[in-house]
Amino acid sequence: MKRAVLITLFLTFFVSLFAQTTIKEFKSGKLNSTRQLKIKLPKDYDDTSTIKYPLIIVFDGDYLFGPVVGQTQFQTYFDEMPGCIVVGISQGKERPYDSLVDEVTGLPFESGARFFEFIGQELIPYLDAKYNTSKFRVAVGHNIMGNFINSFMMKDLPLFHAYVNLSPDLVGSMGENISNRLEWAKSDVFYYMATSSKDKKRLREEILETNERIKALDNPKLTYYFDDFEGESHYTLVTGAVSKAFDKIFEMYKPLHEKELTEKVLPFDGTLDEYLVSRYDRIEELFGIVKPISEEEFQKVVAVADEREDIESLQKLGKLANKQNPDLLLGNYYLALHAEKTEKPKKAVKFYEAALALNETEAIKKDLIQTNMDALLTQISKSKEKDKDKEIEESEVVAESD
């Protein structure tokens, strides 16, 4: 019974996946032929929107498109990576011609060179013109196409910003070419490579040697990840490797996690609003995506500010929250807390009153605002009574002395 349920869920997932996939016949002048493309758009994709999406090009789309789309759907559901436009190139019988490279350099040769030009001069410009693509592009290749995708990195202006090499068949001096290019990369590049204990021996040996070269590099523009899967074969490593690759490449995109809070936010030299702004500017710079700071992340950073006893950060986080979400009460709530901590109850009341006129959030409700404000008003009232009693006592002392 359990097995039947799992099979049903599996089939439902793939029926859904391919029901949402567009198949397009693309006529190429460079190849003098028509190629089939599989195109999967994010579920919230809107042609009229200004939202941009990273572009993932999947070589060997005949069999690799499904695993890649599956991972993007899974990870975007949990906001672990942004929605992406995934394009798979069906190669079929043309694969040996598409992947043809020079045996010495490992770079595209003859029919391989024409396929290389097809990608850079026809396919990418078409996709950029038709869809809302961001500047961030990912290439995914397996085996000989894993070797091929590295050729795009050798251009003066690399076509891709991230490379997912799944057990690549590194031909000739390609391994050396890769490490040399990554050593002198002048723009941000994400590079992932994977092999396994049961991988093809010849491929595995070259991959491990190349890994040693890349590991020794010291280039701040390079973000490198390597996996050596235990017990997996040349083919079964694909799913796990794609998952790990996307997990690492889009790590900056993810919501703030405990490790980042402890290792980066807590010791940050400056006010914590600066950290958040810098972090999200970096996301936009890398992925071409404008991502708003979530309420949960504001809450986490405010908690760190409390831990640091950083009153100034609390105030600036309130101003930042107001700037990002002027219709929500979150910013005024933080500003009210700051006023309380600086012993300015009347000012805090004004911020609470302003918050009550705005929309509440998932975590901060108007009942909480009202409760805090009532407590302050009571405090202010008692303080006034004490002041009056003190004034009366002082006047009585003066009268008695007269």
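Everything numeric in this text was worked out from a predicted model, so none of it was measured. (Residues numbered from 1 in each chain as written. Predicted model: local features only at pLDDT ≥ 70, side-chain atom pairs only at ≥ 80, totals over all residues. Heavy atoms only, no water.)

Trainee: Tell me what's going on with the overall build of the protein chain, and back it up with residues and numbers.
Mentor: A count of helices and strands for the protein chain gives 15 helices and 8 strands. Its C-alpha atoms put the protein chain at 110 × 45 × 45 Å along the principal axes. Within the protein chain, the proportion of its 402 residues that are buried is 45%. Look at the contacts in the protein chain between residues 6 or more apart in sequence, and 72% of them connect residues 24 or more apart. (Helix = DSSP H or I, 4+ residues; strand = E, 2+ residues; numbered from the N terminus. Buried < 20%, exposed > 50% of the residue type's maximum accessible area, 1.4 Å probe, protein only. Contact = heavy atoms within 4.5 Å.)

Trainee: Go over the nonpolar core, please, and point to the residues and values.
Mentor: Ile56, Leu166, Phe246 and Phe250 are the most contacted members of the largest nonpolar core, which has 66 residues in total. In this structure, Leu166 is in contact with Leu64, Val140, Gly141, His142, Asn143, Tyr192, Ala194, Leu237, Val238, Ala241 and Val242, ignoring residues within four places of it in sequence. (Core = buried A, V, L, I, M, F, W, Y, C linked by side-chain atoms within 4.5 Å.)

Trainee: Break down the sheet that holds strand β7 (residues 189–198) for me, with residues and values.
Mentor: Pairing is mixed in the open sheet, where 8 strands are placed in the order β1-β2-β4-β3-β5-β6-β7-β8. In this open sheet, the two strands that pair with only one neighbour each are β1 (21–28) and β8 (222–233). Each strand axis lies, on average, 20° off the axis of its neighbour in the sheet, ignoring direction. Pairing of strand β2 (residues 33–40) with strand β4 (residues 85–89), which is carried by 4 bridges, proceeds in the antiparallel orientation. Within the sheet, the bridge partner assigned to Lys38 lies in β4 and is Gly88. (Pairing = 2+ DSSP bridges. Axes fitted to C-alpha atoms, helices over the stretch in contact; angles between N-to-C directions.)

Trainee: Describe helix α11 (residues 295–308), and please don't skip the residues or the numbers.
Mentor: Every α-helix carries 3.6 residues per turn, so stepping three or four residues along brings you back to the same face. Helix length check: α11, at 14 residues, gives a terminal C-alpha distance of 20 Å against a target of 20 Å (1.5 Å per residue), a fit within 8%. Residues of α11 that are buried: Glu295, Glu297, Phe298, Val301, Val302, Val304 and Ala305. On its buried face, α11 sits against α9 (258–265), α10 (272–287), α12 (311–324) and α13 (330–341). Glu309 occupies a position one or two residues after α11 and carries a positive phi of about 55°. (Expected span 1.5 Å × (residues − 1).)

Trainee: Break down the confidence of the model for the protein chain for me, citing the residues and quoting the values.
Mentor: When the pLDDT values of the protein chain are averaged, the result is 91; 91% of them are 70 or greater. Overall, residues 1–16 carries pLDDT values under 50, and its contacts beyond four positions in sequence, including any with other chains, amount to 2 contacts. Every residue in residues 396–402 scores below 50 in pLDDT, and together they form 0 contacts with partners more than four places removed in sequence or on other chains. (pLDDT = per-residue confidence, 0-100.)

Trainee: Break down the packing of α10 against α12 for me, with residues and values.
Mentor: Closest axis-to-axis distance for the α10/α12 pair is 7 Å, and the angle between their directions is 40°. Relative to α12, α10 is oriented oblique. Here α10 contributes Leu272, Asp273, Leu276 and Val277 to the contact with α12, which in turn contributes Ser313, Lys316, Leu317 and Leu320. In terms of residue class, the contact of α10 with α12 is made up of 5 nonpolar, 1 polar and 2 charged. (Parallel < 35°, antiparallel > 145°, perpendicular 65-115°, else oblique. Nonpolar A, V, L, I, M, F, W, Y, C, P; charged D, E, K, R; others polar.)

Trainee: Before we move on, could you go through the packing of aromatic side chains and cite the residues and values that matter?
Mentor: Enumeration according to the criterion identifies 25 aromatic pairs in this entry. Aromatic pair Phe152 and Phe160: ring centres 5.3 Å apart, planes at 75°, arrangement edge-to-face. Phe160 matches Phe152 in its accessibility class, with the two residues each being buried. Aromatic rings pair up to connect Phe26, Phe59, Phe115, Phe116, Phe118, Tyr126, Phe148, Phe152, Phe160, Tyr163, Tyr191 and Tyr224 into one cluster. Note that Lys291 overlies the ring of Tyr253, its terminal NZ or CZ placed 3.9 Å from the centroid. (Phe/Tyr/Trp six-rings, centres within 6.5 Å; stacked < 30°, edge-to-face > 60°. Lys NZ or Arg CZ within 6 Å of the ring centre and 35° of its normal.)

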